[in-house]
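Residue strings, one per chain:
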Amino acid sequence: MATGELTELEMAIEKIVTVFFTYAAKEGKKGTLTAVEFKELVQLQLPNLMKDIPSLEEKMSELDVNNDEELKFGEYWRLIGELAKAMRREKAGKKK
């Protein structure tokens with residue numbers, strides 16, 4: 001896909017994808033996150049942004065739109081979007 005050197009934003013997107021597939025490959029189906037994989041990803045990769053989430057099980061259930069007890073990339077992407085929106089709101093609030 002990319003032929004030249006990636007920009008800062010392209011590298012960020014690549015990292016989001018790589019992290020997903022790194023954790024998704026640990027058990028179960030290679031292209032989905034199990035509950036164990038999701039918990040490990042959040043604890044190791046999102047400890048600051050997810051620290052106020054009271055229950056990772058409930059969060060996973062909320063993201064798991066097809067109720068198959070696994071997160072496909074699109075379902076994981078919803079989490080990334082939520083976190084990005086929260087970060088944007090926080091940054092916008094600091095400008096005031």
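The structure presented is a predicted model; accordingly, all values stated were derived computationally and were not measured. (Residues numbered from 1 in each chain as written. Predicted model: local features only at pLDDT ≥ 70, side-chain atom pairs only at ≥ 80, totals over all residues. Heavy atoms only, no water.)

K.L.:
Requested: an account of the overall build of the protein chain, with residues and values cited.
P.N.:
Counting its regular elements, the protein chain contains 4 helices and 0 strands. For the protein chain, the succession of helices and strands along the chain, N to C, is α-α-α-α. Each principal axis of the C-alpha atoms in the protein chain carries an extent, and together these give about 40 × 40 × 25 Å. Expressed as a percentage of its 96 residues, the buried residues of the protein chain come to 27%. (Helix = DSSP H or I, 4+ residues; strand = E, 2+ residues; numbered from the N terminus. Buried < 20%, exposed > 50% of the residue type's maximum accessible area, 1.4 Å probe, protein only.)

K.L.:
Which residues make up the nonpolar core, and what values go with them?
P.N.:
As a rule of thumb, nonpolar side chains are buried together in soluble globular proteins. With 18 residues, the main nonpolar core has Leu33, Phe38, Leu41, Leu46, Met50, Tyr76 and Leu79 as its most contacted residues. Breaking this core down by element, the ones donating at least two residues are α1 (8-24), α2 (35-45), α3 (56-63) and α4 (73-94). Ignoring anything within four residues of it in the chain, the contact list for leucine 79 reads Phe38, Leu46, Met50, Lys59 and Leu63. (Core = buried A, V, L, I, M, F, W, Y, C linked by side-chain atoms within 4.5 Å. Contact = heavy atoms within 4.5 Å.)

K.L.:
Which residues make up the packing of aromatic side chains, and what values go with them?
P.N.:
What the rule picks out here adds up to 6 aromatic pairs. Between phenylalanine 20 and tyrosine 76, the aromatic rings sit 4.9 Å apart at their centres with planes inclined by 40°, giving tilted as the arrangement. With phenylalanine 20 in helix α1 and tyrosine 76 in helix α4, this pair connects stretches of sequence that are 56 residues apart. The same class applies to phenylalanine 20 as to tyrosine 76, namely buried. A ring pair is formed by phenylalanine 73 and tyrosine 76, whose centres lie 5.6 Å apart and whose planes are at 55°; its orientation type is tilted. Of this pair, phenylalanine 73 and tyrosine 76 both sit in helix α4, 3 residues apart, which is roughly one turn of the helix. Here phenylalanine 73 falls in the partly exposed class, since its relative accessible area comes to 25%. By relative accessible area, tyrosine 76 is classed as buried at 4%. What links up through ring pairs into an aromatic cluster is the set Phe20, Phe21, Phe73, Tyr76 and Trp77. (Phe/Tyr/Trp six-rings, centres within 6.5 Å; stacked < 30°, edge-to-face > 60°.)

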